[in-house]
Amino acid sequence: MLALAALLPDFQLQSADGDSATRIAITAACGAGAFGVLSAVVWPLLVRLLLLVPALFLGLLVFVLNGSLLLLALRINPSGRGAAAPETAVIVAAVMSAVASATGAALAVRDDEAYRRRLHRLAARRRRSDPPCPTTPGLVFVQLDGVGHDVLTAAVGKGLMPTVAGWLATGDSAPSTVDVSAVDGVQSTVDASGVDGMQSTVDARLVDRMHATVDARPVDGIRSTVDRRPVDGGQETADGRTSTVDGRSHTPTAAAPPPPPATHRLTPWRTDWSSQTGASQLGILHGSTFDVPAFRWYEKDRGEVMVCNRPTSAAELQRRAAVHTGDGGLLTIDGASRGNLFSGGAGEQALVLSIAARRRGRENRSRAGYFAYFSDPANAVRTALSFGAEVAREVGQSVRARLRGQRPRVGRGGLYPLVRAFATVVERDVVVAAVMGDMLAGRTAVYADLVAYDEVAHHSGPHSRDAEKVLQRLDRALALLQRVAEHAPRPYRLVVLSDHGQSPGETFHGCYGLTLGDLVRAGCGLPVPRRAGRTRSGAEARAAVRAALRRPVEETGEQHRPARTLRAGGPPDRPAPGSEPIVLASGNLGLISFPDVHHRMTREEIDARHPALLTTLAHHPGIGFLLVRSAEHGGVVLGAHGAEVPLADLDDASGPLSGFGPGAADAVRRTHSFPHTADIMVNSAYDPAGGEVLAFEEQIGSHGGLGGAQSRPFLLSPLDLSAPAADREELVGAEQVHHVLRRWLRELNGPEVPLTTATEEEQAA
C-alpha cells in the first residue's frame with residue numbers, strides 16, 4: 001500500500017500538510033487491516049446478493065466491488081488520513097489482492113511441511129463440522145474432454161504429462177517438483193458451507209499454498225541414473241569408500257532408487273458412430289446413448305433441432321435416458337457432478353448444463369460453482385489476470401500461424417480468444433476447486449469434465465504445440481487432485497478418462513470451397529450462393545460461456561414447420577416453397593432432413609424427389625459414405641463408384657466402410673435403428689494413412705463421426721480396481737464404460753450397492 005501511494009497521485013495516505021513516516025505507516029497498516037477484514041467478512045455476503053448477476057460478469061464486477069471495499073476501509077480508518085479516487089481504488093485493491101495471493105504462495109512453497117500441516121488442520125476441521133464419512137474409498141472421475149488414447153500416450157512419451165507417466169511407470173517419471181501454481185491460479189473456494197448449496201468448497205487460499213513437491217516425477221521425462229561401479233576399477237571398502245590402484249579413495253555416488261511401481265492401467269475404448277461429448281457423456285453418466293445420432297439433429301415429430309450443448313436439449317436427453325434405463329444415473333447417491341453436460345443423478349451439481357435452463361431453486365445450482373469460487377477476491381483477481389494472459393497467448397499464436405502460412409488453419413478471431421480463455425482458465429479453475437472441495441468433504445463419487453484441450457484442439461489441431469501446452473496444465477491439475485487426496489477424510493481412487501478423441505484434417509469448406517449445405521442444394525437443383533457461409537462450431541466451451549452469461553444456445557432454424565405434408569401411403573409431393581432440406585453438421589458427420597415429410601424418407605422417395613442428390617453426395621471425393629433407409633433392404637450404405645451395400649451385408653473389411661476401422665459396420669447399423677436418425681446420414685472421407693478427416697464445421701481437429709482417433713478415447717484406472725475388460729476384449733460404447741464404473745463403485749462398497757437388511761436395521765437404530 002505504501003508503494004502504491006508513492007506511485008499513484010490519486011492515492012494518499014497522509015494529510016495535505018504532510019505527516020511523519022511513522023504516521024503514514026500506521027495509516028497504511030490500519031487501511032490494509034481494515035481492507036483485509038472487510039474482504040473476509042463482507043465479500044461472501046456481497047456474493048450472495050449477486051446470485052442473479054451472470055456468472056461471467058461477476059469476475060469483472062469483482063474489481064469494482066474490491067475498490068469499493070478499499071474506499072470503505074480508508075473511510076473507517078481511525079487515522080482519517082487515507083483517500084483515493086474511485087478508479088484508483090479499483091487498481092489498488094486488485095494489486096493488493098494479487099500481491100497477498102502471490103506472497104502467501106511464495107512463502108508456502110519454501111515450507112512443504114507447513115503446507116501439509118495446513119491441509120491436516122483443514123481436513124480435521126471438516127471432520128469435526130461434517131457428519132462422519134465412510135471409511136471405504138471414494139471415486140473421483142476426471143474427464144479430459146477430447147483427449148484421445150493416441151494423444152495421451154504421445155504426451156506421456158514426450159514427457160508432457162509426468163503425473164500420468166508416474167501412474168503408468170513408463171520410465172518417463174523421474175524425480176522433480178511440480179509447482180502447482182502453474183495450474184494458473186486454481187484456488188479453492190470459501191468454506192465448508194459454501195455458497196448456494198456448494199458444500200464441497202475449500203479454504204479460501206488453500207491452493208495458493210500448494211506450491212510444494214507433488215511427488216517424485218520427472219521434468220520432461222528425464223531420469224538420472226548412477227553407475228554404481230567403483231571408480232578407476234577400484235574395490236569398495238567396508239566403510240563405503242572406494243580404494244583405487246593408485247591409492248586414492250573415492251566415495252561412490254548413491255544408486256538411483258528403483259522406479260516406483262505402476263499404480264494405473266491405460267485402456268482404450270471405442271465410441272459409437274456419434275463420437276462426441278453429448279452421446280458419450282450421456283452414456284457414461286446415465287447408461288444410455290440410444291437415439292443420440294449426432295451432436296445436433298432435427299426431430300420431425302417435434303419440429304425442433306436438438307443440440308447436445310443447449311440446456312433444454314440436454315435436460316430432455318437426460319430425461320429420455322432415465323426413462324430408457326429406469327435409473328437416475330451413476331452419481332445418484334452421495335455424488336457430485338461438476339462442469340458436465342448432464343448431472344448423472346448427483347445431489348450436488350455445479351456448472352451442469354442440463355439444469356442451467358431451470359428456474360432457480362434448491363434443485364438448480366448450476367452456476368453455484370462460479371459464485372463459490374469468486375467469493376474470494378484473490379481467486380477472482382488471479383483468475384482474471386490468467387484470463388487476460390490466455391487471451392494474449394491465443395492472439396499471439398493465431399498471428400504466428402497466419403504469418404507462417406500454416407495449413408490447415410481456421411479463423412480464430414472474433415470472440416474465440418475469450419471462449420478459449422474461459423475454457424482453459426475460468427472453467428478449469430472453478431471445476432478443479434469444486435472437486436477439491438468434494439474430496440475434502442468426503443463425497444463418495446465425483447465426476448468432473450475439463451474441456452480445455454477439446455476447445456484448443458478444435459482450432460489449433462489435436463497435435464499442435466498449443467494443444468500440448470494445455471495437456472501440460474491439465475497434468476498439473478491432476479497432480480493437484482492427487483495431492484489433495486492424500487489429506488481427504490477417506491481414501492480416494494482417481495480415474496481419468498476421455499469421452500472421445502479428435503481427428504485432424506482440413507475442413508470440407510477449405511478443401512473444396514463449398515459447405516455440405518451447398519453440395520446438398522446443388523444436388524437438389526437449388527441455387528447455390530457464390531460465397532459459402534461457415535458452419536458454426538459446436539465446441540462444448542461455447543455452451544459453458546453462454547450458460548455463465550445466462551444466454552441460451554440458439555441454432556439457426558431451430559423451429560421448422562413443414563410446408564406440406566405427405567398423403568398417407570401416397571407418393572411424395574413436389575417440394576413446396578420453403579421446404580428446403582435442413583443440413584446440420586457434427587464434426588465430420590452430416591445430417592440431411594426434409595422437414596415437410598413427417599417420416600424418415602426412403603432412398604426410393606429421395607430419388608423420386610431429387611434424382612441427382614444421392615449420386616452427387618456419394619460420388620463427391622470429400623464424402624466417405626451415406627446411410628439411407630431403403631424400402632427394399634431396410635437400410636443401405638452408399639459409396640463412390642456406385643457402391644451400394646444393404647445393412648445386413650455390411651462389414652468393416654470391404655465396401656464403403658473399409659478403412660474406417662473395426663466396429664464401423666455395427667456402429668452404422670445401431671444408428672440406423674434410432675427413431676430420430678436423419679433422412680440422409682453423411683460421413684466424410686477418411687485418409688487412413690494420415691488419420692485425417694474433413695470436418696463439415698470450421699474445425700481442424702474434429703470429432704462426431706467415424707474415421708481415425710476421434711473414435712478411440714481412453715480409460716486410466718487404478719490397478720486395485722478390476723480390469724475394465726477381459727484380456728483380448730475391447731470396451732465398445734459409452735454404455736459399457738458406464739457399467740464398468742458402476743462395477744467399480746460396487747467393488748468399493750459405493751452407492752450402487754443395495755443396502756442389506758442388517759445395514760438397514762443398523763441405520764434405523
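What counts, and at which threshold
- Residues numbered from 1 in each chain as written.
- Predicted model: local features only at pLDDT ≥ 70, side-chain atom pairs only at ≥ 80, totals over all residues.
- Heavy atoms only, no water.
- Buried < 20%, exposed > 50% of the residue type's maximum accessible area, 1.4 Å probe, protein only.
- Helix = DSSP H or I, 4+ residues; strand = E, 2+ residues; numbered from the N terminus.
- Pairing = 2+ DSSP bridges.
- Axes fitted to C-alpha atoms, helices over the stretch in contact; angles between N-to-C directions.
- Patch = residues over 30% accessible without salt bridge, like charges linked within 9 Å, V, L, I, M, F, W, Y side chains within 5 Å.
- Areas by Shrake-Rupley, 256 points an atom, 1.4 Å probe, with all protein chains shown as cover.
- Salt bridge = Lys/Arg side-chain N within 4 Å of Asp/Glu carboxyl O.
- Contact = heavy atoms within 4.5 Å.
- Phe/Tyr/Trp six-rings, centres within 6.5 Å; stacked < 30°, edge-to-face > 60°.
- Parallel < 35°, antiparallel > 145°, perpendicular 65-115°, else oblique.
- Left-handed = near helix turned anticlockwise from the far one by under 90°.
- Nonpolar A, V, L, I, M, F, W, Y, C, P; charged D, E, K, R; others polar.

K.L.:
Just checking my understanding: could you explain the pairing of strand β20 (residues 680-684) for this structure?
P.N.:
Each regular strand shows side chains that alternate between the opposite faces of the sheet. With respect to burial, β20 is a largely interior element, five of its five residues being buried. Where burial is concerned, the two faces of β20 agree: the one with Ile 680, Val 682 and Ser 684 and the one with Met 681 and Asn 683 are both buried. Alignment of strand β16 (residues 589-593) against β20, held across four bridges, turns out to be antiparallel. By the bridge assignment, Leu 589 is partnered in β20 with Asn 683. When strand β17 (residues 623-630) meets β20, the two strands line up antiparallel, connected through five bridges. Paired with Val 628 across the bridge in β20 is Ile 680.

K.L.:
How do you make sense of the sheet that holds β20 when you look at a structure like this?
P.N.:
By way of backbone hydrogen bonds, the strands of a sheet pair with one another, either parallel or antiparallel. Spatially, β15-β16-β20-β17-β18-β19 is the arrangement adopted by the six strands of the open sheet, whose pairing is antiparallel. Looking at the sheet topology across the chains shown, the edges are occupied by β15 (582-586) and β19 (644-646). The sheet shows a mean angle of 20 degrees between the axes of neighbouring strands, taken without regard to direction. Bridge analysis of β15 against β16 gives five bridges, and the strand direction is antiparallel. Note that in β16 the partner of Ser 586 across the bridge is Leu 589.

K.L.:
What should I look at first to understand a nonpolar patch on the surface in this one?
P.N.:
A surface patch of nonpolar side chains, amounting to about 290 Å² of accessible area, comprises Val 395, Val 399 and Leu 403. Accessibility expressed as a relative area gives 43% for Val 399, which makes it partly exposed.

K.L.:
Would you explain the pairing of strand β18 (residues 634-638) in this entry?
P.N.:
The buried count for β18 comes to four of five residues, which makes it a mostly enclosed element. Inspection of the sheet shows β17 paired to β18 by five bridges, in the antiparallel sense. Each bridged residue has a counterpart across the sheet, and for Arg 629 the counterpart in β18 is Gly 635. Between β17 and β18, which pair antiparallel in sequence order, lie three residues. Where β18 lies against β19, three bridges are found, and the strand directions are antiparallel. Along β19, the bridge assignment pairs Val 637 with Val 645. Where β18 folds back on β19, the antiparallel hairpin that results is connected by five residues, among which His 641 adopts a positive phi of roughly 60 degrees.

K.L.:
When you look at the sheet that holds strand β13 (residues 492-497) in this model, what are you seeing that I'm missing?
P.N.:
As summarised here, the arrangement of the eight strands in space is β11-β10-β12-β3-β13-β24-β7-β25, forming an open sheet in which the pairing is mixed. Each having just a single partner strand, β11 (348-350) and β25 (731-732) make up the two edges of the open sheet. The strands that helix α6 (residues 149-157) touches are β7 (264-270) and β24 (714-718); relative to β7, the one it contacts most, it runs at about 150 degrees.

K.L.:
Hey, could you run me through the packing of aromatic side chains in this one?
P.N.:
Aromatic rings in a pair are described by how distant their centres are and how their planes are angled relative to each other. Under the defined criterion, the tally for this structure stands at seven aromatic pairs. Ring geometry for Phe 290 versus Phe 674: centroids 5.4 Å apart, planes at 75 degrees, classification edge-to-face. Here Phe 290 is found in the loop between α8 (277-286) and β8 (296-299), whereas its partner Phe 674 is found in the loop between α20 (664-672) and β20, with 384 residues between them in sequence. By relative accessible area, which is 5% here, Phe 674 ends up buried. Put simply, the rings of Trp 273, Phe 625, Phe 660 and Tyr 686 pair up and form one aromatic cluster.

K.L.:
When you look at the packing of helix α12 (residues 416-441) against helix α13 (residues 452-460) in this model, what are you seeing that I'm missing?
P.N.:
Each pair of packed helices gets described by two things: the angle between the helix axes and the distance between those axes. One way to put it is that α12 packs onto α13 with a least axis distance of 8 Å and a crossing angle of 150 degrees. When the axes of α12 and α13 are compared, the pair comes out roughly antiparallel. Regarding α12 and α13, the two cross each other, and that crossing is left-handed. Seen from α12, the contacting residues are Tyr 416, Val 419, Arg 420, Ala 423 and Thr 424; seen from α13, they are Ala 452, Glu 455, Val 456, His 459 and Ser 460. In terms of residue class, the contact of α12 with α13 is built from five nonpolar, three polar and two charged.

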